[in-house]
Amino acid sequence: MSTQAPPFLRGLIDDAAIFPPGELPLADAVIAHAAYRADPWLTSIVGPLTVPTAALHDAALHASALDDPIDVSVIASTGVGAALLEVMRHPRLTLAAVELPTGVRAWREAVTAIVDARDALDRREPAGPAPSLFVEPGWPLLHEAPTATLGALTDARAALKLRTGGLVAEAFPSVDDLAAVIWRANAQGVEFKCTAGLHSAIRHRDDRTGFEHHGFLNILWAAAVARDGGDVSDIAAALSRKDAAAVASAVRELDPGDVSGARALFVSYGSCSISEPLDDLRALGLLDEEVAA
């Protein structure tokens, strides 16, 4: 068996097991995450375990019996400084990323928050590899001041966190809104990750809720279209396709340069399940490299 996933999939899925709708207990999530990282194939796919600052201490306790530290992406709801201090106290946690939810606060306050976050990361002792910084401005700011919002992220050397779903219909951005932000992020050189709602590879309507979910493969394809110079309508066309065979074919036909460019823009997404997206990809015939040559 190959120990490397296909290039389009490497590091794509951040482990958000403790968040809705999965809501796996933290102790179970830490054990499962360690198992992913111990698997030579899965470790090439699964990114850090996403944990809020308030749960870091308990996460470290659960990780204390592990042979190796686990990478965490910290949602710094109580401040970046507090998150950094908490991680540094625990040798079984390694800080891979900080995710800062700025929401719809006043624009000046939002800019100050992300600049302070980057300064805090730069002042860490010991320095170590620099963690990524993701900022979630929220869709209202992205609608009202998209150029300035992404410009502020560039100035702070931060990436964009996009909410692509949730527990209510209003949490799901439209195809046109998401396409416009992907186009602008590419134009301004801002990479992005997604969170929530990406339960399947392909865009679909959930039979239970009636919500229209984006597909993570659609977003990957859309990122490749953006990097290739596509306009907003071209990106929207990729996001809107529900024909699984067509989307899978488009991803399969991306050359290595296309994949590299797409993943430089769309760096990861958070999923409360690791198995479900992989099952989707197997059904689409996109995990051929999992089989031994």
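Presented here is an overview of the structure given in this document. In this text the structure is predicted, and so the values were computed from the model without any measurement.

1. Some details on the overall build of the chain
A count of helices and strands for the chain gives twelve helices and ten strands. Considering the chain as a whole, with its 293 residues, one finds that 51% of them fall into the buried category.

2. What about the sheet that holds strand β6 (residues 159-163)?
Backbone-to-backbone hydrogen bonds join strands into a sheet, with any given pair of strands oriented parallel or antiparallel. Read once around its circumference, the closed barrel built from eight strands follows the order β1-β2-β3-β4-β5-β6-β7-β10, with strand pairing classed as parallel. The mean inter-strand angle of the sheet, taken between neighbouring strand axes irrespective of direction, is 30°. In the sheet, strand β4 (residues 93-101) pairs with strand β5 (residues 132-136) via five bridges, with the strands oriented parallel. Each bridged residue has a counterpart across the sheet, and for Glu99 the counterpart in β5 is Phe134. This element, helix α1 (residues 26-38), spans β1 (13-15), β2 (46-52) and β3 (70-75) of the sheet and lies at about 160° to β2.

3. Notes on the packing of helix α8 (residues 216-227) against helix α11 (residues 256-265)
Relative to each other, α8 and α11 sit at 105°, their axes nearing to 8 Å. As far as their axial angle goes, α11 and α8 are roughly perpendicular. In this structure, α8 uses Leu220, Ala223, Ala224, Ala226 and Arg227 to contact α11, whose residues at the interface are Asp258, Gly261, Ala262, Arg263, Ala264 and Leu265. In terms of residue class, the contact of α8 with α11 is made up of seven nonpolar, one polar and three charged.

4. Structural notes on the side chain of Thr50
Within the secondary structure layout, Thr50 lies in strand β2. Look past the residues within four positions of Thr50 in its chain and what remains in contact with it is Asp14, Asp15, Ala16, Ile18, Phe19, Ser73, Ile75 and Glu99.

5. Notes on the nonpolar core
Core analysis: the largest hydrophobic core is formed by 86 residues, its most contacted members being Leu9, Ile182, Leu217, Leu278 and Leu281. With ten residues, α8 is the single largest residue contributor to this core. Discounting chain neighbours no more than four positions away, the residues touching Leu281 are Phe8, Leu9, Ala201, Phe216, Leu217, Leu286 and Leu287.

6. Details of the pairing of β6
Successive side chains on a regular strand alternate, one facing one side of the sheet and the next facing the other. Most of β6 is tucked away, with four of its five residues classed as buried. Both β5 and β6 contribute to a ladder of two bridges, which runs parallel. Paired with Val135 across the bridge in β6 is Leu160. Examined bridge by bridge, β6 and strand β7 (residues 192-195) share four bridges and lie parallel to one another. Within β7, the residue paired with Leu160 across the bridge is Phe192. Once the chain exits β6 it traverses helix α7 (residues 175-187) before rejoining the sheet at β7, and the crossover so formed is right-handed.

7. Section: the pattern of salt bridges
Going through the model one piece at a time under the given rule, you end up with nine salt bridges. With its nearest N and O atoms 2.9 Å apart, the salt bridge here joins Asp14 to Lys193. Here Lys193 lies in strand β7 and Asp14 lies in strand β1, a separation of 179 residues in the sequence. For Asp14, a relative accessible area of 5% translates into the label buried. A relative accessible area of 2% places Lys193 in the buried class. Among the ionic pairs, Lys242 bridges to Glu212, the shortest N-O distance being 3.0 Å. Placement of Lys242 in the loop between α9 (232-240) and α10 (244-252) and of Glu212 in strand β9 (residues 212-213) is noted, with a sequence separation of 30 residues between them. Through salt bridges with shared partners, a single ionic network connects Asp14, Glu99, Lys161 and Lys193.

8. Quick word on the pairing of β2
Summarising burial for β2: six of the seven residues are buried, a large majority. Pairing analysis gives two bridges linking β1 to β2, with the strands arranged parallel. Residue pairing across strands places Ile13 opposite Val46, the latter belonging to β2. Handedness of the crossover is the feature at issue here: the chain leaves β1, passes through α1, returns alongside β2, and the resulting connection is right-handed. Traced from β2 through helix α2 (residues 56-63) to β3, the parallel crossover comes out right-handed.

Quick notes on the rules
Residues numbered from 1 in each chain as written. Predicted model: local features only at pLDDT ≥ 70, side-chain atom pairs only at ≥ 80, totals over all residues. Heavy atoms only, no water. Helix = DSSP H or I, 4+ residues; strand = E, 2+ residues; numbered from the N terminus. Buried < 20%, exposed > 50% of the residue type's maximum accessible area, 1.4 Å probe, protein only. Pairing = 2+ DSSP bridges. Axes fitted to C-alpha atoms, helices over the stretch in contact; angles between N-to-C directions. Contact = heavy atoms within 4.5 Å. Parallel < 35°, antiparallel > 145°, perpendicular 65-115°, else oblique. Nonpolar A, V, L, I, M, F, W, Y, C, P; charged D, E, K, R; others polar. Core = buried A, V, L, I, M, F, W, Y, C linked by side-chain atoms within 4.5 Å. Right-handed = clockwise from strand over helix to strand, strands pointing away. Salt bridge = Lys/Arg side-chain N within 4 Å of Asp/Glu carboxyl O.

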